[in-house]
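Below are the chains, spelled out letter by letter.
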Amino acid sequence: MSQEDVAAMIASLRAGNPTMWLRSSVSHDLPDVIQPGEVDAATARFKRFEPALRAVFAHAEWDGRIRSDLLDFPALAGAPPLLVKGDHALPLTGSIKARGGIHELFCRIETVAHAAGLLGDGDYAALAGERARAIFARQTVTVASTGNLGFSIGLVARAFGLAAEVHMSHDAKAWKKDRLRLLGAHVVEHRADYSQAVAMARAAAAGKPDVYFVDDENSRDLLVGYATAADEVAGQLAARGIVPTPDEPLVVYLPCGVGGAPGGITYGLKRLYGAAVVAVFVEPVASACMLAALLTPDAPRRRSTSAARRRGRSPGPRSRSRPRSRSARRGSGRRSPTPARRGAGARQGDGGGRIGGAAFLGFGHGCGGAGDRRGGRLARYGNARLGPPRMGGD
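About the criteria used
- Residues numbered from 1 in each chain as written.
- Predicted model: local features only at pLDDT ≥ 70, side-chain atom pairs only at ≥ 80, totals over all residues.
- Heavy atoms only, no water.
- Axes fitted to C-alpha atoms, helices over the stretch in contact; angles between N-to-C directions.
- Helix = DSSP H or I, 4+ residues; strand = E, 2+ residues; numbered from the N terminus.
- Parallel < 35°, antiparallel > 145°, perpendicular 65-115°, else oblique.
- Left-handed = near helix turned anticlockwise from the far one by under 90°.
- Contact = heavy atoms within 4.5 Å.
- Pairing = 2+ DSSP bridges.
- Phe/Tyr/Trp six-rings, centres within 6.5 Å; stacked < 30°, edge-to-face > 60°.
- Buried < 20%, exposed > 50% of the residue type's maximum accessible area, 1.4 Å probe, protein only.
- Lys NZ or Arg CZ within 6 Å of the ring centre and 35° of its normal.

S.K.: Please explain the packing of helix 4 (residues 97-115) against helix 6 (residues 148-160) as it appears in this structure.
M.R.: For any two helices packed against each other, one specifies the inter-axial angle together with the distance between the axes. At their nearest, the axes of helix 4 and helix 6 sit 9 Å apart, and the two run at 40 degrees to each other. Looking at the two axes, helix 4 sits oblique to helix 6. Considering how the two elements wind past one another, helix 4 and helix 6 form a crossing that is right-handed. In this structure, helix 4 uses K97, A98, G101, I102, L105, F106 and I109 to contact helix 6, whose residues at the interface are N148, L149, S152, I153, V156, A157 and F160.

Okay, structure coming up:
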């Protein structure tokens, strides 16, 4: 991309215009940030903790599985199947943070439990017992969050008896702070933005052996937790008889905040499907930190910004994310879709396909194939903030 093109896209973002970048080349090689075996280990960890979750949330009559349905979106004429991955209805927190955040918390709980001899017989239900709670009560987990990650950590930490400290920036909603306090979590309010809140939370936890900091800017365990969702999606697609191929790829629209969740999911899907999956990151134009970071990779940034996180850790954005597609390789270039185009669904082109825009609140739109009207399967990952969580509500 030329400097003129970059400048035009930055100007479009500054003007608050919907903007799309389709990458001109895409690598399908997995980065070595995480290894495939780590994803399998995380999936097994979720399975091991099911008895413990059933015990600590016994009132919910829940099976302890953190999973969501694959939902049908109303069909559009001429479009490929439209699906919604319903992480807006995930158990516990009603957000995708129930994957990454809770996985990292499970890692910490296992470490403490093994050190204390709580899992000698492999019975994870024992982690809900009084002996375990007395041990966990000496532990604190700290995180910086504007809402969903903090709630995921706070809810499950308190359920197992750990103390929870959530650092929140000035833009965090009051009701999100209130529901954390109702759980017994300690909320630390900052007059700073999110990046500064992360830095202050990190500093507050430093040097304290009984305080564990969930680092949303640099956490490997968060990323691996998100990646486990791909195996779940693959099983659900297979049950529907959907087999993505490079000619008919799975097109996944992923809401993007600071990038950990979509980066992890992209890694997991690429691990399974390679060139048969296309990831599209979607973020608000008023906070397009991912796109800005990718457009200006050499610009100086503070370490604690989300852009720095992208450059230093997340595998998805640098190697295969932020609106990128096979259509880019066919020469469709970049475009700045109008709001009407964003809702238009699948599009066909004479010389090649296009990826339509995606509504930010979770409605996936289509991918046109070549002139024979073949289109890729479309899924969109829900990261909804709507409504109370299914358990541990307000």
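S.K.: Any chance you could explain unusual backbone geometry here in plain terms?
M.R.: Comment: phi is negative for the bulk of residues other than glycine, and the bulk of peptide bonds are trans. Phi is positive for L92, close to 80 degrees, though the residue is something other than glycine. Along the chain, the position of L92 falls in the loop between strand 2 (82-85) and helix 4.

S.K.: Would you mind going over the sheet that holds strand 4 (residues 163-168) with me for this structure?
M.R.: Hydrogen bonds between backbone groups are what pair the strands of a sheet, and the pairing can be parallel or antiparallel. Ordered in space as 5-4-3-6, the four strands form an open sheet in which the pairing is parallel. The sheet is open, and its two edges are formed by strand 5 (186-189) and strand 6 (211-214), each paired on a single side. Here the average twist between neighbouring strands, direction ignored, is 20 degrees. Strand contacts of helix 7 (residues 174-183): strand 4 and strand 5, with the helix running at about 150 degrees to strand 5, the strand carrying the most contacts.

S.K.: Looking at this model, I keep getting lost on the packing of aromatic side chains. Mind explaining?
M.R.: Aromatic ring pairs: the centre-centre distance and the angle between the two ring planes describe each pair. All told, the structure shown has five aromatic pairs when counted by the stated rule. Summarising the aromatic geometry, the rings of F49 and F160 are spaced 6.4 Å apart at their centres and angled 80 degrees between planes, so their arrangement reads as edge-to-face. Of this pair, F49 sits in the loop between helix 2 (36-48) and helix 3 (50-56) while F160 sits in helix 6, and the two are 111 residues apart along the sequence. By the burial criterion, F49 is buried, and F160 matches it. Relative to W62, the ring of F57 lies with its centre 6.2 Å away and its plane at 65 degrees, an arrangement referred to as edge-to-face. Classification of W62 by relative accessible area gives buried; the value is 11%. An aromatic cluster is built from F46, F49, F106, Y124 and F160, whose rings are joined through pairwise contacts. The ring of F151 has R179 sitting right over it, with the charged end atom 3.7 Å from the ring centre.

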